[in-house]
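Reading the structure
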Amino acid sequence: MIQEKITIGTDFPLDGVLTLPDNITEPVPAVVFVHGSGSSNMDEKVGKMTPFRDLAEGLAKQGIASVRYDKRTYKYGFKMVRKGGITVKEETIEDAVFAADMLRKDSRIGKIYIAGHSMGGMLAPRIDAEGGNFDGLIIMAGSLRNFEQILKVQFADMLSQSKGIKKWILEKQTAKIMKGFENLLTISDEEAKTRKFGAGVTMYYFKEMESFRADEYLKNCEKPILIMQGDKDFQCKAEIDFALYKNLLKDRENVTFHLYENLNHCFVPSVYGVISKAQQEYNKEQHIGENVIKDIADWIKEA
């Protein structure tokens, strides 16, 4: 396995790593990893887990290259917030397209795929359509729902798992956050930019994202697609999100579905299985299993 340091982007240069298999004699396929929500480093570190590093190193052993890089908000979050009006285009899409373009200029690389995790999976079809031009899409623990719908279910679960003063505080916080979504699609962009969500993000972030729905992109996408989900995922739920993908793409011969028993949102074994203990669950050091990595590698080689 070869690890080469790279820089993604120019206006907002990001540290990254190109991971290559050993002994390349002909162009190999490559994957661009796209983060979930929030700021995150190139390994998509959450607690004691490093999903993107696990995938990069595992795929290299299977003869597949990959690019991972720090998310733009991880390095430039404060600068971006001061600029105002941040959307997923500046936060995520532009850098993923840049990474794909960089790989196309590398003679060691053949076909190029996108692997989006969580929100990255939600955005993968849009990234492909807006310049990514990938040979196939891998959607890991993604969703066809919008953020308001996802948050409603997550908050409902958290409230059902809480008691006493903790539940009372959570109810107040939930009501405040969800109020920001009221009439979001009918208000002006300017008004949406005045509604605060948190961490410097305004509600315009979600309004803009809702204007580019993943299901509409997928309906028009004829490329091979791999949909992956853990059945113990308490953030994007198999019974809701995986089912929505299956229903939308059920008649497509070039779409592959994998549902993994007892795996959570990070594709490692479930520990507690409830969102109220997410921090404890993700603070247990675990690594993505060889079966998940092999399924991705096999799909890429057959796509």
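Anyway, here's the lowdown on the structure attached to this text. Note that the coordinates shown come from a computational prediction; the quantities given were computed from them, not determined experimentally. Counting from 1, residues in each chain are numbered in the order their sequence is written. Thresholds applied to this predicted model are a pLDDT of at least 70 for local features of residues and 80 or more for the giving and counting of side-chain atom pairs; totals over whole chains, interfaces and linings are not thresholded and use all residues. As a convention, hydrogens and water are excluded, and side-chain values are obtained from all of the structure's heavy atoms.

What about the overall build of the chain?
We count a stretch as a helix when DSSP gives it H or I for four or more residues in a row; a strand needs E for two or more, and each element gets its number in order from the N terminus. Within the chain, the secondary structure is distributed over 12 helices and 10 strands. Our radius of gyration looks at C-alpha atoms and nothing else; its globule reference is 2.2 Å times the residue count to the power 0.38. Taken over C-alpha atoms, the radius of gyration comes to 19 Å for the chain, in line with the 19 Å a tight globule of 303 residues would show. For the exposure calls, accessible area comes from a 1.4 Å probe over protein chains only, and a residue counts as buried if that area is under 20% of its type's maximum, exposed if over 50%, partly exposed in between. When burial is assessed residue by residue, the chain has 52% of its 303 residues classed as buried. Any two residues whose heavy atoms approach within 4.5 Å are treated as being in contact. Restricting the contact set of the chain to residue pairs at least 6 apart, pairs at least 24 apart contribute 70%. Counting only carbon and sulfur atoms, one obtains 50% of the accessible surface of the chain, whose full area is about 14300 Å². Side-chain charges in the chain split into 42 positive and 44 negative, and the spacing between the mean points of these groups amounts to 6 Å. Surface exposure here means Shrake-Rupley accessible area, sampled with a 1.4 Å probe, where a residue is shielded only by the protein chains that are shown. Charge counting treats Lys and Arg as positive and Asp and Glu as negative, with His and both chain ends excluded. By convention, the charge on Lys lies at NZ, on Arg at CZ, on Asp at CG and on Glu at CD.

Some details on the packing of helix H5 (residues 147–160) against helix H6 (residues 164–179)
Axis definition: a line fit to C-alpha positions, over the contact stretch in the case of helices; interaxial angles, taken between N-to-C directions, run 0 to 180 degrees. Packing of H5 against H6 brings their axes to within 10 Å, and their N-to-C directions diverge by 170°. In terms of orientation, H5 lies roughly antiparallel with respect to H6. Between H5 and H6, the residues in contact are Glu 148, Leu 151, Lys 152, Phe 155, Met 158 and Leu 159 and Lys 167, Leu 170, Glu 171, Thr 174, Ile 177 and Met 178, respectively. In the scheme used here, Gly and all other residues not listed as nonpolar or charged are polar, with Ala, Val, Leu, Ile, Met, Phe, Trp, Tyr, Cys and Pro taken as nonpolar and Asp, Glu, Lys and Arg as charged. Partitioned by chemical class, the residues of the contact of H5 with H6 number seven nonpolar, one polar and four charged. Roughly parallel means an angle under 35 degrees; roughly antiparallel means over 145; roughly perpendicular covers 65 to 115; every other angle is labelled oblique.

Re the sheet that holds strand S1 (residues 2–8)
Only strands joined by at least two bridges in the DSSP assignment are considered to pair. Taken together, the eight strands give an open sheet; going across it, the order is S1-S2-S4-S3-S5-S6-S9-S10, and neighbouring strands pair in mixed fashion. Every other strand in the sheet has two partners, leaving S1 and strand S10 (255–260) as the edge strands with one partner each. Along the sheet, successive strands turn relative to each other by an average axial angle of 20°, direction set aside. Across the sheet, helix H1 (residues 51–61) touches S1, strand S2 (14–20), strand S3 (28–34), strand S4 (65–69), strand S5 (109–117) and strand S6 (136–140), and the angle it forms with S3 is around 175°.

Some remarks on the nonpolar core
Of all hydrophobic cores here, the largest spans 60 residues; its most connected members are Ile 127 and Ile 225. Top contributing element to this core by residue count: helix H3 (residues 88–104), with seven residues. Not counting residues up to four positions away in its chain, the partners in contact with Ile 225 are Leu 137, Ile 139, Leu 218, Leu 249, Arg 252, Asn 254, Val 255, Thr 256 and Trp 299. If you look at the next biggest cluster of nonpolar residues, it comprises 31 residues, including Ala 56, Ala 115, Leu 263 and Ile 296. Take the buried Ala, Val, Leu, Ile, Met, Phe, Trp, Tyr and Cys residues and link them wherever side-chain atoms come within 4.5 Å; each set so joined is a nonpolar core.

Some details on the packing of H1 against helix H12 (residues 290–302)
Across the interface, H1 lies against H12 with an axial gap of 10 Å and an inter-helix angle of 60°. Judged by the angle between their axes, H1 and H12 are oblique. Handedness of the H1/H12 crossing: right-handed. Residues Asp 54, Leu 55, Gly 58 and Leu 59 of H1 form the contact with H12, whose participating residues are Ile 293, Ile 296 and Ala 297. Looking at the contact of H1 with H12 residue by residue, the class counts come to five nonpolar, one polar and one charged. Crossings are sorted by hand: turned counterclockwise from the far helix by less than a right angle, the near helix makes the crossing left-handed, and turned clockwise it makes it right-handed.

Some words on the pairing of S6
Among the five residues of S6, five are classified as buried, and the element is accordingly described as predominantly covered. Judged by which residues are buried, S6 turns out to be covered on both faces: Gly 136, Ile 138 and Met 140 on one side and Leu 137 and Ile 139 on the other are all buried. By the criterion used throughout, a crossover qualifies as right-handed when its path from the first strand across the helix to the second strand runs clockwise, the strands pointing away from the viewer. Running through helix H4 (residues 119–132), the crossover from S5 to the neighbouring parallel element S6 is right-handed. With four bridges connecting them, S6 and strand S9 (residues 225–230) associate as parallel partners. From the neighbouring strand, Met 140 faces S9, where its bridge partner is Met 228.

Section: the side chain of Thr 174
Along the chain, Thr 174 falls in helix H6. Of note is the side chain of Thr 174, whose polar atom sits 2.8 Å from the backbone oxygen of Leu 170. For this analysis, a polar contact is any N or O atom pair within 3.5 Å, provided that within protein one partner can donate a hydrogen and the other can accept it, and provided that sequence-adjacent residues contribute only side-chain to side-chain pairs.

Here we look at the pattern of salt bridges
In what follows, salt bridge is the name for a side-chain nitrogen of Lys or Arg lying within 4 Å of a carboxyl oxygen of Asp or Glu. Scanning the model with the defined rule gives 22 salt bridges in all. Between Lys 71 and Glu 91 there is a salt bridge, with the nearest N and O atoms lying 3.6 Å from each other. Linking Lys 71 in the loop between S4 and helix H2 (72–83) with Glu 91 in helix H3, this pair joins segments that are 20 residues apart in sequence. No difference in accessibility class separates Lys 71 from Glu 91, as the two residues are buried. One salt bridge connects Glu 208 with Arg 126, and the closest N-O pair in it is separated by 2.7 Å. In this pair, Glu 208 is assigned in helix H8 (residues 204–210) and Arg 126 in helix H4, connecting sequence segments 82 residues apart. Taken together, the salt bridges that share partners define one network made up of Lys 89, Arg 126, Glu 130 and Glu 208.

Overview of the pairing of S5
Across the nine residues of S5, seven count as buried, placing the element largely inside the fold. Both S3 and S5 contribute to a ladder of six bridges, which runs parallel. The partner of Phe 33 across the bridge, within S5, is Ala 115. Where S5 and S6 come together, five bridges link them in parallel fashion.

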